[in-house]
Amino acid sequence: MNFQLRHNLLITTFIIVIIATMWLLMRGLSYSFDILQSKKPEPLTDNELVSKEVSYVEKIDHFALQEFDAHQRLSHFVEADQYYNFKNNPALLINPRVVTYDQQGEENYILTSKRANYLETGEVKFKGQVDVSSSNGVSHKMNTQELLVNTKTDDLVSDKKVTYLGENAKILSQGMHMQTKADKMKLTGDTVIHQDSGQKMLTKDLYIDQSNNQKHYYADNKTTYLSTENKIYAQGLDMLGDVTQLFGQVNILQNSGSRIDTKDLTVNQSNGEQLYTTDNGIHYQSNVADIRAKGMRYDAGRQKIKFTGGVVGQYD
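Residues numbered from 1 in each chain as written. Predicted model: local features only at pLDDT ≥ 70, side-chain atom pairs only at ≥ 80, totals over all residues. Heavy atoms only, no water.

### Overview of the side chain of serine 173
Then, in step 1: With respect to the helices and strands, the residue serine 173 is situated in strand S11 (residues 169–173).
Then, in step 2: A polar side-chain atom of serine 173 sits 2.8 Å from the main-chain carbonyl oxygen of glycine 175.
Then, in step 3: The residues contacting serine 173, other than those within four sequence positions of it, are Lys161, Val162, Leu187, Thr188, Asp190 and Thr191. (Helix = DSSP H or I, 4+ residues; strand = E, 2+ residues; numbered from the N terminus. Polar contact = N/O pair within 3.5 Å; in protein donor to acceptor, adjacent residues only side chain to side chain. Contact = heavy atoms within 4.5 Å.)

In structure tokens, the structure reads:
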């Protein structure tokens, strides 16, 4: 009798365990399914969009499109090796080329890249490295996550970080706005200029003006010029070729601890030199000397300073 009772008890317990296990398993599967349902799918990359043939609804090889302004003048010509139209994603252009035209119908700017999105508004959004060439022969090379071509104003705009590749420098900024009709570009926000010669400049809102067929860089904000020998503080910069003007009140701090206060300093980097000159008043202070003069010629590479005009010094 006791054996039969124990046998029934074991069977009952076994059945209860099986039911509990199945209930837990069903709860777990239901929870996992809910998570999968609620999780939003990650957007596909350009390569994934192209590789999944079922994802696009239209493909055009050798895509070309002309756009006209309100006066029926040709304003843009958009072409690409391939055009992909997707149901839930912006249209994709492979190896796009966009040409803008001036009011006389002449080519103004040509933009090329490996990828771009063609938006429903008619705007073109470039990705990655973008080459911008003007009809006067001056070109711009830059890397950015997004560069939007406004087909109504011809302006080029990016609110993402931009790496601008100059002839002798790499410039990093927080964005970019270019007025193509005026041949002027503004690298917006905090801007860092890395020169190939090793110097670095920190400023804000740097303008690039190429209206005279030569790139002219300038900023009206506080600027810090950094080299291996000196740290220079100024109120702005003006850079053309190998010559940089640091204007306004200028303070030079040498690694030795000496200080030079002046105004409107010219930095000449031609022939691999670092020559600082000014014709404004000079106040030089070190541990052993206090010197005032009307001007200065400072060879930073050789660490030699020549004070000019009415030099007055006091030495300890």
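### What to know about the packing of aromatic side chains
Then, in step 1: Under the counting rule described, the total for this entry stands at nine aromatic pairs.
Then, in step 2: Ring centres 5.1 Å apart and planes at 70° place the aromatic pair tyrosine 56 and tyrosine 84 in the edge-to-face group. Separated by 28 residues along the polypeptide, tyrosine 56 in strand S1 (residues 56–68) and tyrosine 84 in strand S2 (residues 74–86) bring together distant segments of the chain. (Phe/Tyr/Trp six-rings, centres within 6.5 Å; stacked < 30°, edge-to-face > 60°.)

### A short note on unusual backbone geometry
Then, in step 1: Positive phi, close to 55°, is recorded for histidine 62, a residue that is not glycine.
Then, in step 2: Assignment of secondary structure puts histidine 62 in strand S1.
Then, in step 3: Positioned with a positive phi, asparagine 271 is a non-glycine residue whose angle comes to about 60°.
Then, in step 4: Looking at the element boundaries, asparagine 271 is found in the loop between strand S20 (259–268) and strand S21 (275–278).
Then, in step 5: For asparagine 271, a relative accessible area of 77% gives the class exposed. (Buried < 20%, exposed > 50% of the residue type's maximum accessible area, 1.4 Å probe, protein only.)

### Examining the side chain of asparagine 230
Then, in step 1: Summarising the element assignment, asparagine 230 is placed in strand S17 (residues 230–234).
Then, in step 2: At 3.1 Å, the side chain of asparagine 230 forms a polar contact with the side chain of tyrosine 298.
Then, in step 3: Aside from chain neighbours lying at most four places away, what touches asparagine 230 is Tyr225, Ile252, Leu253, Gln254, Asn255, Tyr276, Tyr298, Ala300 and Gln303.

### Here we look at the environment of asparagine 168
Then, in step 1: Looking at where asparagine 168 falls in the secondary structure, it is placed in the loop between strand S10 (162–165) and S11.
Then, in step 2: It is 9.1 Å that separates the C-alpha atoms of asparagine 168 and aspartate 242, two residues lying 74 residues apart in sequence.
Then, in step 3: If we ignore the near neighbours within four places in the chain, the residues touching asparagine 168 are His194, Gln195, Asp196 and Asp242.

### Quick look at the environment of lysine 222
Then, in step 1: Relative to the elements of secondary structure, lysine 222 occurs in the loop between strand S15 (216–219) and strand S16 (223–226).
Then, in step 2: Residue classification places lysine 222 among the exposed positions, given a relative accessible area of 68%.
Then, in step 3: For lysine 222 and phenylalanine 247, which are 25 residues apart along the polypeptide, the C-alpha to C-alpha distance reads 9.7 Å.
Then, in step 4: Excluding its chain neighbours within four sequence positions, the residues that come into contact with lysine 222 are Leu202, Thr203, Ala234 and Gln235.

### A look at the layout of surface pockets
Then, in step 1: The space that makes up the largest pocket amounts to roughly 370 Å³.
Then, in step 2: In terms of lining residues, the largest pocket is bounded by 19 residues, among which Asn168, Gln195, Gly241, Asp242 and Gln269 are the most central.
Then, in step 3: Elements supplying a minimum of two residues to the lining of the largest pocket: S11 and strand S13 (184–195).
Then, in step 4: Of the residues in the lining of the largest pocket, the class split is five nonpolar, nine polar and five charged.
Then, in step 5: Reported here for the second largest pocket is a volume of approximately 230 Å³.
Then, in step 6: Those elements giving two or more residues to the lining of the second largest pocket turn out to be S1 and S2.
Then, in step 7: By residue class, the composition of the lining of the second largest pocket is three nonpolar, four polar and seven charged. (1 Å grid on protein atoms, 1.4 Å probe; cavity = no way out; pocket = protein on both sides within 12 Å on 5 of 7 lines; lining within 4 Å. Points joined across faces, edges and corners; volume = space filled by probe spheres on them. Nonpolar A, V, L, I, M, F, W, Y, C, P; charged D, E, K, R; others polar.)

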